Amino acid sequence: MRLPPFELHRPSALEEAHAILEEFGDDAAVYCGGTELFLVMKLGLASYPQLVDLKRIPELHVLAEQNGWLSIGAAVTHRELESSTLVHRLLPALAEMEHRVANIRVRSAGTLGGNLAFSDPHSDPATFLLAAGAELVCRHGDARRTISMTEFVRGPYETALEPGELLTEIRIPTPGTSVAIAHMKFALHERPALTVSCLVRAEEGRVAEARIAVGSVSAVPARAPEAEAALLGIELEADDSALAQVGQAAADASTPIADANGSVEYKRNLVRVFVDRCCREALGRASSKAH
């Protein structure tokens, strides 16, 4: 497989990148790692005569703690997040999740921003960031706006980005000592067939806040409010029956799509089992913090 011919642009500033996009419009596509874009171009599923490499823009490589947020530039790679001492200190569950993304080659080249902007429905990071309460910073020239992770993914390969707008930063609230996050996935092949993330905040040995996100079984990752409600108030040392109800609530509310990974009922059962397991892991981590 060969890439179709294209002209490559390598801006060193966002202003320069925006000017290129204004000039070429729909004929241009941006990339950082290119792991997804180059594949679809090689397969003949897309063709862009102008490609814009964003890796030389310094502000897209920021990885820092800022005012209670973990700030991640869109060009930071999965491998950098996986191995960062800052991430391991502030949000170790993020490093754990990144460690299981695809393979070492993809993690070394692929970026978190590129993964989100491509919006593959079988994505580990999107599900995790949804449960973690992430916000995405987007720029178009001098205009800047912040989009919640809930609003960013609109469908398979479709996001809330407007023409010429760039995703520049991912911001994740740094969890306090009472907050624990767990992420699990089930994969038959390299891309996950199911992803589940659970965040719990504990008070006096019980769940005071819960966020559960399920992805890779349907068109977009989504929160499971019915399961979150079932998890609220549960003791950190909850018994099996209580967590089984949480998993069942998530399964009942899910909207799986049948594909090569399995039927609707098969995927619904996966949701039930893995939400149960993921919540159990999050509760265990919260309990360990409390002690």
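What counts and how
- Residues numbered from 1 in each chain as written.
- Predicted model: local features only at pLDDT ≥ 70, side-chain atom pairs only at ≥ 80, totals over all residues.
- Heavy atoms only, no water.
- Helix = DSSP H or I, 4+ residues; strand = E, 2+ residues; numbered from the N terminus.
- Buried < 20%, exposed > 50% of the residue type's maximum accessible area, 1.4 Å probe, protein only.
- Contact = heavy atoms within 4.5 Å.
- Areas by Shrake-Rupley, 256 points an atom, 1.4 Å probe, with all protein chains shown as cover.
- Lys, Arg positive; Asp, Glu negative; His and termini not counted.
- Charge placed at Lys NZ, Arg CZ, Asp CG, Glu CD.
- Phe/Tyr/Trp six-rings, centres within 6.5 Å; stacked < 30°, edge-to-face > 60°.
- Lys NZ or Arg CZ within 6 Å of the ring centre and 35° of its normal.
- 1 Å grid on protein atoms, 1.4 Å probe; cavity = no way out; pocket = protein on both sides within 12 Å on 5 of 7 lines; lining within 4 Å.
- Points joined across faces, edges and corners; volume = space filled by probe spheres on them.
- Pairing = 2+ DSSP bridges.
- Axes fitted to C-alpha atoms, helices over the stretch in contact; angles between N-to-C directions.
- Core = buried A, V, L, I, M, F, W, Y, C linked by side-chain atoms within 4.5 Å.
- Parallel < 35°, antiparallel > 145°, perpendicular 65-115°, else oblique.
- Left-handed = near helix turned anticlockwise from the far one by under 90°.
- Nonpolar A, V, L, I, M, F, W, Y, C, P; charged D, E, K, R; others polar.

Participant: Looking at this structure, I do not really get the overall build of the protein. What am I missing?
Facilitator: Assigned secondary structure in the protein consists of 12 helices and 14 strands. Its C-alpha atoms give the protein principal-axis dimensions of roughly 60 × 45 × 30 Å. Per-residue burial over the protein gives 50% buried out of 291 residues. In the protein, of all internal contacts separated by at least 6 residues, the share reaching a separation of at least 24 is 62%. In the form shown here, the protein has an accessible surface area of approximately 13,300 Å², with 50% of it arising from carbon and sulfur atoms. Charged side chains of the protein number 28 positive and 39 negative; the gap between the two group centres comes to 5 Å.

Participant: Help me out: how do you make sense of the packing of aromatic side chains in this one?
Facilitator: The geometry of two aromatic rings is summed up by the distance between their centres and the angle between their planes. This model, assessed by the stated rule, comprises three aromatic pairs. Relative to Phe-274, the ring of Phe-186 has its centre 5.8 Å away and its plane inclined at 45°; by these criteria the two rings are tilted. With Phe-186 in strand β11 (residues 179-186) and Phe-274 in helix α12 (residues 264-290), this residue pair connects regions lying 88 residues apart in the sequence. Residue Phe-274 is classed as buried on the basis of its relative accessible area of 9%. Above the plane of the ring of Trp-69 lies Arg-171, whose end atom (NZ or CZ) is 4.1 Å from the centre. The ring of Phe-274 carries Arg-277 above its face, with NZ or CZ at 5.1 Å from the centroid.

Participant: Help me understand the side chain of His-122 in this model?
Facilitator: For His-122, the position within the fold is in the loop between α7 (112-118) and α8 (124-132). Accessibility expressed as a relative area gives 19% for His-122, which makes it buried. Setting aside anything within four residues of it in sequence, one finds His-122 in contact with Arg-191, Pro-192, Ala-193, Ser-216, Asp-259 and Asn-261.

Participant: When you look at empty space enclosed by the protein in this model, what are you seeing that I'm missing?
Facilitator: Vacant regions in the atomic arrangement are exposed by a probe of water-molecule size rolled over the atoms. By the definition in use, this model includes one cavity of 30 Å³ or more. Reported here for the largest cavity is a volume of approximately 50 Å³. Along its surface, the largest cavity is lined by Asn-115, Leu-116, Ser-119, Asp-120, Pro-121, Ser-123, Ala-126, Val-153, Gly-155, Pro-156, Ala-219 and Pro-221. Elements with a minimum of two residues in the lining of the largest cavity: α7 and β8 (153-155).

Participant: I'm lost on the sheet that holds strand β6 (residues 135-140) in this one. Help?
Facilitator: In any sheet, the strands associate via hydrogen bonds between backbone groups, in a parallel or an antiparallel arrangement. What the five strands build is an open sheet, ordered β4-β5-β10-β6-β7; its pairing is antiparallel. Edge positions in the sheet fall to β4 (63-66) and β7 (143-148), since each has one partner strand and no second. Averaged over all pairs of adjacent strands, the angle between strand axes in this sheet comes to 25°, irrespective of strand direction.

Participant: Is there a simple way to explain unusual backbone geometry in this structure?
Facilitator: Across residues other than glycine, the phi torsion is negative in most instances, and most of the peptide bonds are trans. Positive phi, close to 50°, is recorded for Asn-67, a residue that is not glycine. For Asn-67, the location among the structural elements is in the loop between β4 and β5 (69-73). According to the relative accessible area criterion, Asn-67 is exposed, its value standing at 79%. Phi is positive for Tyr-157, close to 60°, though the residue is something other than glycine.

Participant: Would you take a moment to explain the side chain of Lys-267 for this structure?
Facilitator: By secondary structure assignment, the location of Lys-267 is in helix α12. Take Lys-267: its relative accessible area is 1%, and that puts it in the buried class. Setting aside residues up to four positions removed in sequence, Lys-267 forms contacts with Ser-216, Val-217, Pro-256, Ile-257, Asp-259, Asn-261 and Gly-262.

Participant: For this particular structure, what's the right way to read the nonpolar core?
Facilitator: The nonpolar side chains of soluble globular proteins are, as a tendency, buried together. Ranked by size, the top nonpolar core spans 37 residues in total, and within it Leu-94, Leu-116 and Ile-172 carry the most contacts. Among the elements that take part in this core, α8 stands out by supplying six residues, more than any other. Setting aside chain neighbours within four positions, we find Leu-94 in contact with Leu-70, Ile-72, Leu-81, Val-87, Phe-128 and Ile-172. In terms of nonpolar packing, the next biggest core, distinct from the first, is built from 33 residues, Val-207, Ile-212, Val-217 and Ala-227 among them.

Participant: Quick question: what am I supposed to make of the packing of helix α11 (residues 240-253) against α12 here?
Facilitator: Viewed as axis vectors pointing N to C, α11 and α12 meet at an angle of 135°, and their least axial separation amounts to 7 Å. With respect to each other, α11 and α12 are oriented oblique. Between α11 and α12 the crossing geometry is right-handed. Contacts between α11 and α12 involve Asp-240, Leu-243, Ala-244, Val-246, Gly-247, Gln-248, Ala-250 and Ala-251 from the first element and Arg-268, Val-271, Arg-272, Val-275, Asp-276, Cys-279, Arg-280 and Leu-283 from the second. Its residues assigned to classes, the contact of α11 with α12 comprises nine nonpolar, two polar and five charged.

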